[in-house]
Amino acid sequence: MKTISPSLIKGTITAPPSKSEMIRAVAASLLASGVSEILNPSFCDDALASFGIAEAFGADITMRSDQVRVKGYGGPGEKKIGKNAVNCFESGLCIRMFTPIAGLTDEEIILEGSGSLLKRPMQIDGIMNALGAQCSTQDGFAPIRIKGKISGGEIVLDGEEGSQFLSGLLMALPLCSLDSAIKVSCPSSRPYIAMTVNTLQRFGITISHDQDMKNFFIKGAQKYRPCVFAVEGDWSGASFMLVAGAIGGSITVKGLNGESFQGDRAIIGVLGETGAEVVLREDSVSVHRKDLKPFQFDATDCPDLFPPLIALAAHCEGKSRIYGAHRLFHKESNRALALISEFAKLGAEIELHNDIMSVTGVQLKGALVNSHNDHRIVMACAVAALNGNDEVVIDRPACVFKSYPKFFEDLDSVRRTHG
């Protein structure tokens, strides 16, 4: 249990490293022949899962607090895979992104998961089989069993449910013997696709695509080059702290790149729309509390912003609307229902109609809330509690280790309890 009491927020923290960029860097390092150095590494649970997968696929990994060294061998198949069953734990990004990479070897590999990952749909076997693999799931869910090798070719992909599998294809297809073309219908999470393409460029891989990211051309027989890769600060985790400043006082978050490909940097525009004072500097963002007005925002391309935005909207005077709720149904929890359920305990007024979540600002109260074992639900409830009228107790708070292990340490460092 973790108890959060109403508090004044004042202070400075450093943004956690981006787990999304970290996992992409680990995968790219695996696919390069030689040693890559990953600076400002994340050691969150999902990143640790990616280390285990890369090692199972043949990489040698050395960890230090400020650096992770990955010795890659050009991808699976260039070195004997140590075991055919690989555990992705609860990381949706890992299982979807490493499946195409597993298809680069002719060894049979089983990608397993645990907890909530076993309930998240994995509609990827059809595409993998079209690329030349033998791939199957358990009725559309993990575990995923795959035996390659994939050879490349032309495919059509439904992108409405996210970008993780597409990112894996963009990672694996450059190493195939044939050129490939991907046509994406209903692309979503486009900033994350841009992040993948940018990561690949830094490792020497060229991907061509149109402006809307609906058509990709991938030349085959490319080679990854090892590199030194500095992981950016995570806008997803930082968004909770920036909202904490907007509703609770004042905060500065260092280590954020204002030109980042991360879609969650859109939080800056939303905070500005509410009337919060936002100060952007070269390497930091400061937010100061003001009277907050309601806002409207389409989170289809950045669904991880939904939880902090719900916490923000609950403190705005009036009704805010957030679009893109369909992106919440298959996360660590059914995040739409989890947010409605737990914020209702705090007295918030939230309505879900079709693809829109509407939130009417109120004075929040104390309560015992259920984390749903979802890191972003925990962080949203903790931040919302800062400007309530009583203590909020959160069960199973340790799930924040999935993305932001130091969340409560950072939050406690800037909390100034009233009285």
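Here, every reference points to the structure presented above.
Heads up: these notes are all about the structure in this document.

### Quick notes on a nonpolar patch on the surface
Here is step 1: The grouping of Phe-43, Leu-48 and Met-63 at the surface amounts to a nonpolar patch, some 250 Å² of accessible area in total.
Here is step 2: Within the fold, Leu-48 resides in helix 2 (residues 45-56).

### Some words on the sheet that holds strand 22 (residues 367-369)
Here is step 1: Reading across the sheet, the three strands line up as 1-23-22 and stay open at both edges, with mixed pairing between neighbours. At either margin of the open sheet sits one strand with a lone partner, and together these are strand 1 (2-4) and strand 22. Taken pair by pair, the neighbouring strands of this sheet meet at an average axis angle of 20°, ignoring direction.
Here is step 2: Of the strand pairs in this sheet, strand 1 and strand 23 (residues 392-394) are connected by three bridges, and their pairing is antiparallel.

### Describing the side chain of Ser-189
Here is step 1: Note that Ser-189 resides in the loop between strand 11 (180-185) and helix 6 (190-202).
Here is step 2: What makes Ser-189 buried here is its relative accessible area of 4%.

### Brief notes about the nonpolar core
Here is step 1: Ranked by internal contacts, the top residues of the largest apolar core, which has 72 residues, are Phe-57, Phe-98, Ile-101, Leu-169, Leu-170, Ile-182 and Phe-216.
Here is step 2: Ranked by the residues each element gives to this core, the list is headed by helix 1 (residues 19-31), at eight residues.
Here is step 3: In terms of nonpolar packing, the next biggest core, distinct from the first, is built from 71 residues, Ala-276, Val-285, Leu-292 and Val-369 among them.

### Side note on the pattern of salt bridges
Here is step 1: Scanning the entire structure with this criterion turns up 15 salt bridges.
Here is step 2: Between Lys-19 and Asp-46 there is a salt bridge; the shortest N-O distance is 3.1 Å. Separated by 27 residues along the polypeptide, Lys-19 in helix 1 and Asp-46 in helix 2 bring together distant segments of the chain. Per residue, the accessibility class of Lys-19 equals that of Asp-46, and both read buried.
Here is step 3: Among the ionic pairs, Arg-396 bridges to Asp-395, the shortest N-O distance being 3.5 Å.
Here is step 4: When salt bridges that share partners are traced, they join Asp-304, Arg-335, Asp-374 and Arg-376 into one network.

Reading guide: rules and limits
Along each chain, residue indices are assigned from 1 in the same order as the chain's sequence is written. In keeping with the model being predicted, local features are shown solely for residues with a pLDDT of at least 70 and side-chain atom pairs are shown and tallied solely at 80 or more, while totals for entire chains, interfaces and linings include all residues. The side-chain numbers reported here are obtained from all heavy atoms of the structure, hydrogens and water having been left aside. Put simply, a patch holds well-exposed residues, over 30% relative accessible area, that have no salt bridge, with like charges counted together within 9 Å and Val, Leu, Ile, Met, Phe, Trp or Tyr side chains within 5 Å. Methods summary: accessible areas were calculated by the Shrake-Rupley approach with a probe of 1.4 Å, and residue burial reflects only the protein chains presented. What counts as a salt bridge is simple: a side-chain nitrogen of Lys or Arg found within 4 Å of a carboxyl oxygen of Asp or Glu. The helix and strand labels rest on DSSP assignments: H or I over at least four residues marks a helix, E over at least two residues marks a strand, and numbering proceeds from the N terminus. Two strands are counted as paired when DSSP detects at least two bridges linking them. A fitted line through C-alpha atoms serves as each axis, taken over the contacting stretch for helices, and the angle formed by two N-to-C directions is quoted from 0 to 180°. Using a 1.4 Å probe on the protein chains alone, a residue whose accessible area is under 20% of its type maximum counts as buried, one over 50% counts as exposed, and one in between counts as partly exposed. The criterion is simple. A nonpolar core is a set of buried Ala, Val, Leu, Ile, Met, Phe, Trp, Tyr and Cys residues joined through side-chain atoms within 4.5 Å.

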